[in-house]
Amino acid sequence: MLALTMTYAQDNTAKVLQEGNKNEADVTQTGMTNTADLYQEGNRNTSIYTQTGNNNDASLYAVGNNNDANILQEGNSNMGRWEIWGNQNNLNLTQTGNGNDMYFNLRGTGPGSSETNAGENNRNTVTIDQIGDDNLVTGAISGRRNTVTITQEGNSNEVGDYLWNADGVNLIGNDNELSITQLGDDNDASVFARGNENVMSISQDGTMNMTRLEVEGNRNDLSVVQEGMGNDVYLNLRGTGPGSGETNFGENNRNTVDVTQTGDDNLVTGAISGRRNTLTIDQDGFDNSVGTNLWSADGVQIWGNDNTVSISQTGNGHFAQSYTIGNQNTVNITQSNGMGGGEQ
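A. Highlighting the overall build of the chain. Broken down by element type, the chain carries zero helices and 30 strands. Split into buried and exposed, the 344 residues of the chain put 50% on the buried side. Pairs at least 24 residues apart make up 36% of the contacts formed inside the chain by residues separated by at least 6 positions. Carbon and sulfur atoms provide 43% of the accessible area of the chain, an area that totals close to 14,200 Å².

B. Spotlight on the nonpolar core. If you look at the biggest cluster of nonpolar residues, it comprises 55 residues, and the most contacted ones within it are Trp82, Phe104 and Ile128. Beyond its immediate chain neighbours, meaning those up to four positions away, Ile128 contacts Trp82, Leu93, Met102, Phe104, Val137, Thr149, Ile150 and Thr151. If you look at the next biggest cluster of nonpolar residues, it comprises five residues, including Tyr234, Leu267, Leu294 and Ala297.

C. Inspection of the environment of Leu235 at higher detail. Tracing the backbone shows Leu235 in strand β21 (residues 232–237). Taking the relative accessible area as the measure of exposure, Leu235 reaches 4% and is therefore buried. The spatial distance from the C-alpha of Leu235 to the C-alpha of Val300 is 8.8 Å, given a sequence separation of 65 residues. Those residues in contact with Leu235 that lie beyond four places of it in its chain are Leu213, Val257, Val259, Thr269, Gly270, Ala271 and Leu279.

D. Expanded view of unusual backbone geometry. Look at the link from Gly291 to Thr292: it is a cis peptide, with omega at 0°. By the element assignment, Thr292 lies in the loop between β25 (289–290) and β26 (300–303). We note that Asp186 has phi near 60°; this positive angle belongs to a residue other than glycine. Position of Asp186 among the secondary structure elements: in the loop between β16 (177–183) and β17 (188–194). Judged by its relative accessible area of 44%, Asp186 is partly exposed. With a phi angle near 55°, Arg219 is a residue other than glycine that sits in the positive phi range. Within the secondary structure, Arg219 sits in the loop between β19 (210–216) and β20 (221–227).

Quick notes on the rules
Residues numbered from 1 in each chain as written. Predicted model: local features only at pLDDT ≥ 70, side-chain atom pairs only at ≥ 80, totals over all residues. Heavy atoms only, no water. Helix = DSSP H or I, 4+ residues; strand = E, 2+ residues; numbered from the N terminus. Buried < 20%, exposed > 50% of the residue type's maximum accessible area, 1.4 Å probe, protein only. Contact = heavy atoms within 4.5 Å. Areas by Shrake-Rupley, 256 points an atom, 1.4 Å probe, with all protein chains shown as cover. Core = buried A, V, L, I, M, F, W, Y, C linked by side-chain atoms within 4.5 Å.

So, to be careful, I would describe these as geometric facts and stop short of saying anything about function.
Shown next, in the form of structure tokens:
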């Protein structure tokens, strides 16, 4: 059993190192320029961080099973970081203030590693709540039956951008659940997923929001709901792999995509390759479009058999286009009170 504790006052710094079983650490800091760093190795560990003030920094490195981590930060310029091995971890972070950042790595690669040959972390639960301005979450998770829930409230929120070799949420594995809720304006959510039977849900409420979904795998369930003006959705289910610009498309089979946009000047575009895919788009407002631009996929393109595309637009000044190549495909486009175009 090894335990190391370092504490300082005023410009606070706390470091806790634990090796062994049934460990518990509680760090409370009040003041400015706080830093807390905790390393745990073993089983059934519990960590609770509470920081109040400005320029807070909290990190967690855990090896083992059944670890709990709870970090609460209030103030400005807060940053949280998790790097986890193991299964059945329960991780919770709440940040209140401005300029908050959060990075999580549950790829089984170890702290600070940018390896792409990830291990597996299974049955983990990650809950991140950010309240304030300029919030950022990015990270990666590899394994099965993991649950990730992200809630951001404020303006200029982002699930994406690069922070320690992760862009958006990278989800690798099967039977995972991901939920992203963003409330405010200028929000951005990017999800890159590889695996089967994953459930991904994104909800954005505000103006100038953007969702990016790139998925490789089968029987995935994707849902995007946007309310506001100037919202964009980009879809890539071509089997090319996350972020890839390949033109030799693979196949993604039996995926379900549901996009709902309420407001004006909204855009959906993307491409799907595979069989028996179902895509549903519902736009309600003015000057909404399915295509063009936003990395011009363009509109809704589908390669494969037995696909169904349904597009419904209510309001004025709409545009929709769909290109379908394959057998026994069905496309339904409904538009009201405006110009529109549909192609098959």
